[in-house]
Amino acid sequence: MISAEEQKKVADLVKQTKDLILKEMDEEEVMIKGAANYVTNVDLAVQNFLKEELGKVFPEISLIAEEKENLGLSKEETYWILDPIDGTTNLIRDFHMSAVALGLYEKGEIVFGIVYNPFTDEMFQAAKGEGAYLNGRKIQVSDTPDFGDAVISYGSTPYKKEKARNLFPIFYSIFMKCGDFRRTGSAELDMCYVACGREHGYIERDLKPWDYSAGTVILREAGGVVKNWKGEEPSYLKNEDILACVPQFEENLLKELL
Ligand code: IPD
Ligand code: CA
């Protein structure tokens, strides 16, 4: 676990990435990692900054992060799990739905998480057992009772288009039953948007640990549900198909995914 003072220190460090992000965006350099998969100087600068600064405060905790190799992970360890920029495609397109996402993994669960969108200055934060907050204000999932009113966001798994033929019929079936769909381009923000009542569910296959770790503790502390598509606890150290939703729609969504 992490003390209130330590939580504040980490939140301050994450907030400091805003100036760095805006500065690095002035001279943006985009590199292609794979199909529809990019990394920029912004991602690398944020990762380097947080790696160094977290290392000074918590020298005993290693970092798992998107833009580095993450080998020899052990379930029993404690790790920071970082996506320096979740929503890199959005960042490149000036579509202001990107976030710095940082989770603290401890022996099989996420005990602390921060998701920060520097463009809207919204910081979502939660520690296990202490509630979820948006810019210091407590948040709670929506209690909308009717699935026909639900706003569901989905991820299109753009790096694995071979999955689309099986995936889109699932989305179609859900779309016909819920209110409407969203596709924001940031998995972590989607989970936080469910946490604060802007969405009612979010589904995506094959998310990497840094795409869903911080959001998990934030959503659960706001009263929401996070599972994999088999209805199990995600591992946080490997890719997972993720269902994140308000509790009253868990069954509506899970039966479409199983
Ligand atoms: C991506 C975003 C996107 C999701 C992708 C993720 P990235 O993260 O979360 O919404 O559809 O699966 O990989 O690559 O921008 O960090
Ligand atoms: Ca990323």
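Predicted model only: the values in this text are computed from it and were never measured.

Peer 1: What exactly am I supposed to notice about the coordination of the calcium ion (ligand 2) here?
Peer 2: Four donors placed tetrahedrally about a metal ideally form angles of 109.5 degrees, and six donors placed octahedrally ideally form angles of 90 or 180 degrees. Each protein donor to the calcium ion (ligand 2) is listed here as E66 (OE), D83 (OD), D83 (OD) and I85 (O); together their distances run 2.1 to 2.9 Å. Sequence positions of the donors to the calcium ion (ligand 2) reduce to the motif E-x16-D-x1-I. Under the relative-accessibility criterion, I85 is labelled buried at 2%.

Peer 1: Would you mind going over the confidence of the model for the protein chain with me for this structure?
Peer 2: Detail in the predicted coordinates should be disregarded across regions flagged by low pLDDT. Across the protein chain, the average pLDDT comes to 97, with 100% of residues at 70 or higher. For the protein chain, the element scoring lowest by mean pLDDT is strand β2 (residues 37-40), at 91; helix α6 (residues 187-195) scores highest, at 99.

Peer 1: How should I be thinking about the environment of S213 in this particular structure?
Peer 2: Summarising the element assignment, S213 is placed in helix α7 (residues 209-221). Considered as a pair, S213 and G113 are 100 residues apart in the sequence and their alpha carbons are 7.5 Å apart. Residues within four places of S213 in sequence aside, it is in contact with I81, I110, E188 and Y236.

Peer 1: I would appreciate a short explanation of the sheet that holds strand β13 (residues 225-228) in the present structure.
Peer 2: The strands that make up a sheet pair up through hydrogen bonds in the backbone, lying either parallel or antiparallel. Judged by pairing direction, the sheet is mixed, and its five strands sit side by side in the order β11-β10-β12-β14-β13 without closing on themselves. Both outer strands of the open sheet, β11 (180-182) and β13, are each paired with one neighbouring strand and no more. The mean angle between the axes of side-by-side strands here comes to 20°, regardless of whether they run parallel or antiparallel. Pairing geometry for β13 and strand β14 (residues 240-245), over four bridges, is antiparallel. Along β14, the bridge assignment pairs N228 with I242. Sitting on the sheet, α6 touches β10 (151-154), β12 (201-207), β13 and β14, and the angle it makes with β12 is about 155°. Where helix α8 (residues 250-257) meets the sheet, its contacts fall on β10, β12, β13 and β14, and the angle it forms with β14 comes to roughly 155°.

The rules behind these values
Residues numbered from 1 in each chain as written. Chains lettered and ligands numbered in written order. Predicted model: local features only at pLDDT ≥ 70, side-chain atom pairs only at ≥ 80, totals over all residues. Heavy atoms only, no water. Donors = N, O, S within 2.8 Å, 3.2 Å for Na, K, Ca; no water. Buried < 20%, exposed > 50% of the residue type's maximum accessible area, 1.4 Å probe, protein only. pLDDT = per-residue confidence, 0-100. Helix = DSSP H or I, 4+ residues; strand = E, 2+ residues; numbered from the N terminus. Contact = heavy atoms within 4.5 Å. Pairing = 2+ DSSP bridges. Axes fitted to C-alpha atoms, helices over the stretch in contact; angles between N-to-C directions.

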